[in-house]
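If you want the building blocks of each chain, they are given just below.
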Amino acid sequence: MSFSESALPFEDIRNLVKSMPGPDEDALQAVKARDAQLTKPAGSLGKLEELAEWLAAWSGKSSPKVTRPLVAIFATSHGVADKGVSAFPSSVNAQMVENFAAGGAAINQICRSNDIGLKVFDLAVEIPTPSITEEDAMDEANCAATMAYGMEALAGGVDLICLGEMGIGNTTVAAAVLNGLFGGQAADWIGRGTGVDDAGLARKREAVEQAIARLGNEKDPLEVLRKIGGREIAAMAGLIVAARLQRVPVLVDGFVTTAAAAVVYAMDPTGLDHCQFAHVSAEAGHRRALETMGKEALLDFGMRLGEGTGAALAAGIVKAAAETHNGMATFLQAGVSSKDA
């Protein structure tokens, strides 16, 4: 998985998306066959059974396991934050990166409780992208390079990747990306994010409207990403593609991570089949995005923190699904009579 030297950067990305593999049908059928023999009524574990099948199909393993899960947090800064679209200043970005490193954030506690690894990727936190209301966030080369950087998060034998992000102002950027990809009005996609008041919400709507007006009729998903997106969204989109190519299942966290997933979806509607959406955020636009893509979330806890917190919670459920499938005895092993006996 590498970029050629002759093609334009985005053409390399498009070629990678076109080469993404489908599910491993042999592994999927093996899980279904074993599930039919386990000591329980058929279908009685509901979503857990579906998750075991999903893991098998997209990991390519007939006995799917989650032993090296990782939350990857991509942190960056956005020029649009200076437009008063957030309740917190951009200085929080660097402070939170330090907090992650010190183990003091919410995500640290959830990862510790579920035995999940955590890595934080600093995407030039000290250098905000230009405000998407006035300038493109990135040029093509920088956007593609950031996507490639995100792909590298899979190093080290990760077998389940959880997307996370941190960046003051990024719910505004995510709303703009979703608006650009899926249409509608700015008001359809914005929410209160970190807790802005009514005046802040109005500024947020105006910022998204300005970004969309500047975007014009551009519909190419990668162009939408580079013009009105952000570095963390680009990195996560790249990671989603890389995970598919390397057969690593993905848990998408909340509103901002879903904007990254939407970029891949807009390129290929089957491009998210190896992903589960961990939770539906309290941001109203998140539910709208999931409905637009025909996706359902595993959890609905009213969360809107980001950091990969919802994905880390869902990872515990996915781990349990794998352990349950592999660890349960069959009717024959347990000496239990089956329904047909």
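Heads up: the structure comes first, above all this text.
Basis of the calculations
- Residues numbered from 1 in each chain as written.
- Predicted model: local features only at pLDDT ≥ 70, side-chain atom pairs only at ≥ 80, totals over all residues.
- Heavy atoms only, no water.
- Axes fitted to C-alpha atoms, helices over the stretch in contact; angles between N-to-C directions.
- Helix = DSSP H or I, 4+ residues; strand = E, 2+ residues; numbered from the N terminus.
- Parallel < 35°, antiparallel > 145°, perpendicular 65-115°, else oblique.
- Left-handed = near helix turned anticlockwise from the far one by under 90°.
- Contact = heavy atoms within 4.5 Å.
- Nonpolar A, V, L, I, M, F, W, Y, C, P; charged D, E, K, R; others polar.
- Polar contact = N/O pair within 3.5 Å; in protein donor to acceptor, adjacent residues only side chain to side chain.
- Pairing = 2+ DSSP bridges.
- Salt bridge = Lys/Arg side-chain N within 4 Å of Asp/Glu carboxyl O.
- Buried < 20%, exposed > 50% of the residue type's maximum accessible area, 1.4 Å probe, protein only.
- Expected span 1.5 Å × (residues − 1).

(A) Up close: the packing of helix H7 (residues 170-182) against helix H9 (residues 198-215). Here H7 crosses H9 at 45°, and the two axes come no closer than 9 Å. By the criterion of interaxial angle, the relationship of H7 to H9 is oblique. The two elements H7 and H9 cross, and the hand of that crossing is right-handed. Contacts between H7 and H9 involve Thr171, Thr172, Ala175, Ala176, Asn179 and Gly180 on the former and, on the latter, Lys204, Ala207, Val208, Ala211, Ile212 and Leu215. Each residue belonging to the contact of H7 with H9 can be placed in one class, and the counts come to 7 nonpolar, 4 polar and 1 charged.

(B) Here's a closer look at the packing of helix H10 (residues 221-228) against helix H12 (residues 255-267). With their axes 8 Å apart at the nearest point, H10 and H12 run at an angle of 155° to one another. The angle between H10 and H12 falls in the class roughly antiparallel. For the pair formed by H10 and H12, the contact residues are Pro221, Leu222 and Leu225 on the first element and Val263, Ala266 and Met267 on the second. By residue class, the composition of the contact of H10 with H12 is 6 nonpolar, no polar and no charged.

(C) Representation of the side chain of Ser86. You can see Ser86 is positioned in the loop between strand S1 (69-75) and helix H4 (91-102). A distance of 3.1 Å separates a polar atom in the side chain of Ser86 from the backbone nitrogen of Phe88. A distance of 3.1 Å separates polar atoms of two side chains, one belonging to Ser86 and the other to Thr194. In this view, Ser86 contacts Ile168, Gly169, Thr194 and Val196; residues no more than four positions away in its chain are not counted.

(D) Seen up close, the environment of Phe100. Inspection of the secondary structure puts Phe100 in helix H4. Along the sequence, Phe100 and Leu118 sit 18 residues apart, while their C-alpha atoms lie 9.0 Å from each other. Excluding residues within four positions of it along the chain, Phe100 makes contact with Ile73, Ala105, Ile107, Asn108, Val120, Met166 and Glu307.

(E) Representation of the sheet that holds strand S2 (residues 117-122). Read from one edge to the other, the open sheet built from 6 strands follows the order S2-S1-S3-S4-S5-S6, with strand pairing classed as parallel. Edge positions in the sheet fall to S2 and strand S6 (297-299), since each of these pairs with one other strand and no more. Taking the axes of each pair of neighbouring strands and ignoring which way they run, one obtains an average angle of 30° across the sheet. Taken together, the 6 bridges between S1 and S2 define a ladder with parallel strand orientation. Within S2, the residue paired with Phe74 across the bridge is Phe121. Most of the contacts of helix H3 (residues 47-59) go to strand S5 (residues 275-279), to which it runs at about 140°, and overall it touches strand S3 (160-166), strand S4 (250-252), S5 and S6.

(F) Region of the structure containing the pattern of salt bridges. A complete count under the given rule lists 15 salt bridges for this structure. Among the ionic pairs, Lys47 bridges to Glu50, the shortest N-O distance being 3.4 Å. Separated by 3 residues within a single helix, Lys47 and Glu50 lie in helix H3, roughly one turn from each other. Two residues, Asp198 and Arg192, come together in a salt bridge whose shortest N-O distance is 2.7 Å. The exposed category is assigned to Asp198, whose relative accessible area is 57%.

(G) Seen up close, H12. The first and last C-alpha atoms of H12 sit 19 Å apart over 13 residues, in line with the 18 Å expected at 1.5 Å per residue. Within H12, 11 of the 13 residues are buried, leaving the element largely enclosed by the surrounding structure. Residues of H12 that are buried include every one of Phe255, Val256, Thr257, Thr258, Ala259, Ala260, Ala261, Ala262, Val263, Val264 and Tyr265, and no others.

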